[in-house]
Structures are given as structure tokens and as C-alpha cells.
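A look at the structure
Letter by letter, the chains look like this.
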Amino acid sequence: MADHDDAERDSYPKIDDKLVERITSLDDEAAQQRAATLRAGLSDYDLEDDDIDVLDTDDFDPDAITYLPALPVLAIVGRPNVGKSALVNRILGRREAVVQDTPGVTRDRVTYKAEYGDRRFTMVDTGGWEPDARGINASVAAQAEIAVDLADAVLFVVDANVGATSTDEHVVRMLRSTNKPVILVANKVDDTRQEPEAAVLWSLGLGQPWPVSALHGRGVADLLDHIMTVLPQVSAVAKEEVGGPRRVAILGRPNVGKSSLLNKAVGEERVVVNELAGTTRDPVDEQVEIAGKVWRFVDTAGIRRRMNLAQGADFYASLRTSAALEKAEVAIVVLDVSDVISEQDVRIIDLVLESGRALVLAFNKWDLMDDDRRRYLEREYEQDLAHVAWAPRVNISAKTGRHLEKLVPALEVALESWDTRIPTGKFNALVAELAAEHPHPLRGGKQPRILFGTQAAIRPPTFVLFTTGFLDPGYRRFITRRLREIFGFQGSPINVSMRVREKRKRT
Ligand code: GDP
């Protein structure tokens, strides 16, 4: 939320129509040439290998545009208290002490970005939700099932000191019915004397048990080396499917009307296929034709699966949100207009922003709207959702079917923005205009200069600025704002990052 406060403090000049005109009517070729000169000037600066990569993805070769590859996903599952969170901490290399998860305490965060060597991957930590002892078999398995749905590989953690319990066996049955690779981890093997206990776990039929001590780090490097041989380079779960239907996640807190929306969409329109030809891996998605176009709604099984466990319901919901986001290109966040916009709504939207997916806001239950509530809603919208004022907004009723068809143009606009590439010439012309219009404040008598800028990626549009000094966050927000004012980007988050580079010393 800190960003909102800062945004309020920022005061920028209002954009001048002439500037918009100049940028939009630019002679592309001349601008491109000018950008090429700026770019050539970068050779006087100390650049890193990664800078060269960014500069090479530039539109001097439009085919070179990269999609940020979907990182492979590793899920950790297992009974309560086997040490899942400790292992997650260890893998993430967190410095802080391992915090024992308190059962029933909700953690919003379920997925984390992890690194090992030069490999990056996403981890799904199910450790934040420790189910009740009652019905534990079913709930551990149900929880594991969602995590497995979204994973490319699974770490199944067993406490070597306790051995395999009936709950473990329950989960094993579920794991064996999926065709995801499973790595069996025997945790709490703090020294060699305990290794025979780990070896007993061969009997689970999941192959070699990997003895580790998450707490002390013992065996974790070997385990990680092995994980890297199992995890694909690019996620198969969330991979780009060129030319396929676009992937939509329906998100929102419980009872806002997600399943009603889905049922209405599916019920009134033809469900094209339930199971995609040739792919058995995703029976959890559904393809639906709306307004003549086929869409793929991801993880509809997760929406339909009603959550009856009182405890852990929130965690289950955030797990679903993260899982669906990994697979989706665009999210429809459903809000219930008969209720105040809550912190939970905002958190879900923030997860979408963090994931870099395109965003559409669906204000549902519009049939319940009256004038009074409407006034409050507008106020709440301005107060809590100002940071996503760029997201298309559709007022719908899943119950009556009101304006559901308007979701389609909203999704299309959002995806188009998400796919947008601004030519380097245009972008650098804009950067030059902005430096003239509103120069960066002096810092210690010096003024950081932007040497060159490029859009390094789409999905979402990601801009990189090469600078001679640190640009204030406020100044970066100014640039972001101007980018939106000129190019729109309706429905897509955009990122502007900077790389401060020094002039190469002459010898
Ligand atoms: P989910 O938990 O987000 O999937 O929410 P549901 O689809 O189960 O809906 C929760 C409740 O809200 C149910 O009682 C629905 O009938 C009701 N509901 C859903 N959409 C609408 C709507 O557009 N108008 C009204 N009045 N009720 C709705």
C-alpha cells in the first residue's frame, strides 16, 4: 500500500496534448535511427552480460521479442509438522529463523520465487495450512492435489523419525495417480545414525528417499541437485501455447459469485471440449465459447470444488488463486458490490499485479445495487483501487446474466495491452521529451540521466532504462504514468526498471 501514499505525494505536470501528438505522429524511421545512436553510445559504459541480452531483444529484430518464460513450478506437500516450511526456508535461503506455523493462521503467500545456481523456479508452499486432526487424511490429500495440479514436480516430505503414517499413504495414492514426477524427501535426518530410518521409506514405492535435515541443511544441496534434473527448464503447466485459446482465471474471495459466473458462462454458451485433445494433464480447465471466441478458463475445477473445511478455507483459496494465476494470461477479479471492498479483495488484486498478468475487474451482483450503495462503492473504488484504475471494469450480474458479454471486449483489450510492444525509437523519443518536460531532481548537485531505454519484454510490457544514476521511485512513477497516458496499456500492469551504469574508465 506504500505505493498509494507515495503516489498521492507525487505531483507531476499535467500532460500536454502536444506531447502526445508529437509522440504518436513520430517519424518512426528517424526515431529508430536516433535510438540506434543512443544505443551505440552505451558502448562507452560498463555493461553486464545481462544488459547485452536486454539490448539484443530490441526491435531492430522484431522477432527477437521474448516472453518471460514460465518458470517451472515445484510444490511441497506433506503432513503437518514434517518440516515443509523449514525446507522451504532452506531452499529459499532465508536467513531468518524458521518460524513454526501456527495451525489455522492464514498466510496469504503461497508461492515464492526461488533460485539455485543459474536456475530459477517457483515454489508452492502448502505449509501455511495445517488442517484439523479431524478428516486429516482427506484434507491433506485435497490440499496436496491442488498443489500438484499446478506443479511440474512435487516434493513429498515425510518425517523420517515417524515413518510413513496412514495420512502419508493416502497422499501417496493420490500422487501416484498423477503423472507428475515426485521426489520423496525424508526429513529430520540430522545425522548418519538416522539414515536407516530414511531408507525404510523405499517401501512407499516413490523411489529413492532423499535424507535431509531441513533445519541444519544436511543433504539439501544433494536434494536440490536432484530436483534440478527433474524440473523442466520451462514450466509445462504454465507454458505458452501459441495460437491456443487465451487463458483466463476467475478469481475473488469466497461468495463473490465466481462459480455463478462460470456456470452462467458455461451454461448459456457451448462448452467446446471438457478435456483438451491430446492433453490429459489439465482436466481442471474448461474451454468455453463466448461471443464467437473460445476462451480457456483455467482451474474451473478449483472454482467448482466447494470448500467445506472451516479451517484453512482462506489458505485453500489463496492456494487456488496462486495456482490459477500461474496458468492464466489474464485474471477476472470478481468483486461483490453488495459488500464493501475488503482488504482481501485488494490482496487478491495485488497478487495479480505481482504475477504480471493482465487484469479485468468484474463488479458482480449489480442486480442488488441501489443509489446509496453505489455512492459508497464509488468512494471505496477510488480509495482502495486507485492503483488499478487502468483495469477495465465491467458491472455484471452472474445471476441475471447482465452484461456478461461485456467481459469479452474487456478481456480482449487487457490482453492486447499485455501483448503491446512500443518501438524503441518511440520509447526513446518519449524519454527525451520527459527529461525536457520534467527533469529529474538534482541529487547531490548531479542529475541522473537516462542514456537509453528499451522494452525488454511483453506479457507484461517491461521497460528497462539505462541511466547514469539512481532514478527516484517518484520519477519512475512519472514515466510509468506518462506511458499509460500516451499508450494506454488498459488492463495490463507495466514495469519500468532501471540499470545504473558507469562510464568505462579509459586506460
Ligand atoms: P463463489 O464462492 O465466488 O464461487 O460464489 P458463488 O458463485 O457460490 O456465489 C455466492 C452466493 O452469491 C450464492 O448464493 C449466489 O447465488 C450469489 N450470487 C452470485 N452472483 C450473484 C449475482 O449476480 N446477484 C445476486 N443477487 N446474487 C449472486
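Heads up: the structure comes first, above all this text.
As a starting point, this report considers the structure included with it. The structure presented is a predicted model; accordingly, all values stated were derived computationally and were not measured.

Summed over all chains, the structure comprises 28 salt bridges. With a closest N to O distance of 2.8 Å, R253 and D345 form a salt bridge. Linking R253 in the loop between β8 (246-251) and α10 (258-268) with D345 in helix α13 (residues 343-355), this pair joins segments that are 92 residues apart in sequence. We classify R253 as buried; its relative accessible area is 11%. For D345, a relative accessible area of 2% puts it in the buried group. Note that D336 is salt-bridged to K365, the shortest N-O span being 3.1 Å. With D336 in strand β11 (residues 330-336) and K365 in the loop between β12 (358-364) and α14 (371-384), the pair connects residues that are 29 residues apart, well separated along the chain. Under the relative-accessibility criterion, D336 is labelled buried at 9%.

Next up on the list: the site of the ligand. Around the ligand lies a shell of 16 residues, among which N255, K258, S259, S260 and D367 are the nearest. Between N364 and the ligand, the recorded distance is 3.1 Å, taken from a side-chain N or O atom to a nitrogen atom. Considering the ligand on its own, with 580 Å² of exposed area, one finds that the protein chains cover 76% of that surface. Looking at which element gives the most residues to the shell around the ligand, the answer is α10, with three residues. Split into classes, the residues belonging to the shell around the ligand amount to four nonpolar, six polar and six charged.

Time to look at the environment of K293. Tracing the sequence through the fold places K293 in strand β10 (residues 293-297). Residue classification places K293 among the partly exposed positions, given a relative accessible area of 32%. With 47 residues separating them in the primary sequence, K293 and R246 have C-alpha atoms 9.7 Å apart. Dropping the residues within four chain positions of it, K293 is found in contact with V288 and E412. Polar side-chain contacts of K293 include one of 3.5 Å to the side chain of E412.

So, on to the packing of helix α2 (residues 17-24) against helix α16 (residues 424-437). Two quantities define a packed helix pair, namely the angle between the helix axes and the distance between the axes. Running from amino to carboxyl end, α2 crosses α16 at an angle of 155°, the nearest separation of the two axes being 10 Å. As the angle between them shows, α2 and α16 are arranged roughly antiparallel. Considering the relative orientation of α2 and α16, their crossing is right-handed. Note on element contacts: α16 touches α2 through K426, A429, L430, E433, L434 and E437, opposite L19, R22, I23 and T24. Of the residues assigned to the contact of α2 with α16, the class counts are five nonpolar, one polar and four charged.

Under the definition given, this model contains five aromatic pairs. When the centroid spacing of 4.8 Å and the interplanar angle of 35° are considered together, the rings of F427 and F463 count as tilted. Taken as a pair, F427 in helix α16 and F463 in strand β15 (residues 462-467) lie far apart in primary sequence, 36 residues in all. A single burial state applies to F427 and to F463, both of which are buried. A centroid spacing of 6.1 Å and a plane angle of 75° characterise the contact between F463 and F489, whose relative ring orientation is edge-to-face. On the criterion of sequence distance, the pair formed by F463 in strand β15 and F489 in the loop between α17 (473-487) and β16 (495-500) is long-range, its members being 26 residues apart. The residues F463 and F489 share a single accessibility class, namely buried. Among the aromatic residues, those joined into a cluster by ring pairs are F427, F463, F487 and F489. When the ring centre of F363 is taken as origin, the NZ or CZ atom of R393, which lies over that ring, is 4.3 Å away.

Parameters and conventions
- Residues numbered from 1 in each chain as written.
- Predicted model: local features only at pLDDT ≥ 70, side-chain atom pairs only at ≥ 80, totals over all residues.
- Heavy atoms only, no water.
- Salt bridge = Lys/Arg side-chain N within 4 Å of Asp/Glu carboxyl O.
- Helix = DSSP H or I, 4+ residues; strand = E, 2+ residues; numbered from the N terminus.
- Buried < 20%, exposed > 50% of the residue type's maximum accessible area, 1.4 Å probe, protein only.
- Near = heavy atom within 4 Å.
- Polar contact = N/O pair within 3.5 Å; in protein donor to acceptor, adjacent residues only side chain to side chain.
- Areas by Shrake-Rupley, 256 points an atom, 1.4 Å probe, with all protein chains shown as cover.
- Nonpolar A, V, L, I, M, F, W, Y, C, P; charged D, E, K, R; others polar.
- Contact = heavy atoms within 4.5 Å.
- Axes fitted to C-alpha atoms, helices over the stretch in contact; angles between N-to-C directions.
- Parallel < 35°, antiparallel > 145°, perpendicular 65-115°, else oblique.
- Left-handed = near helix turned anticlockwise from the far one by under 90°.
- Phe/Tyr/Trp six-rings, centres within 6.5 Å; stacked < 30°, edge-to-face > 60°.
- Lys NZ or Arg CZ within 6 Å of the ring centre and 35° of its normal.

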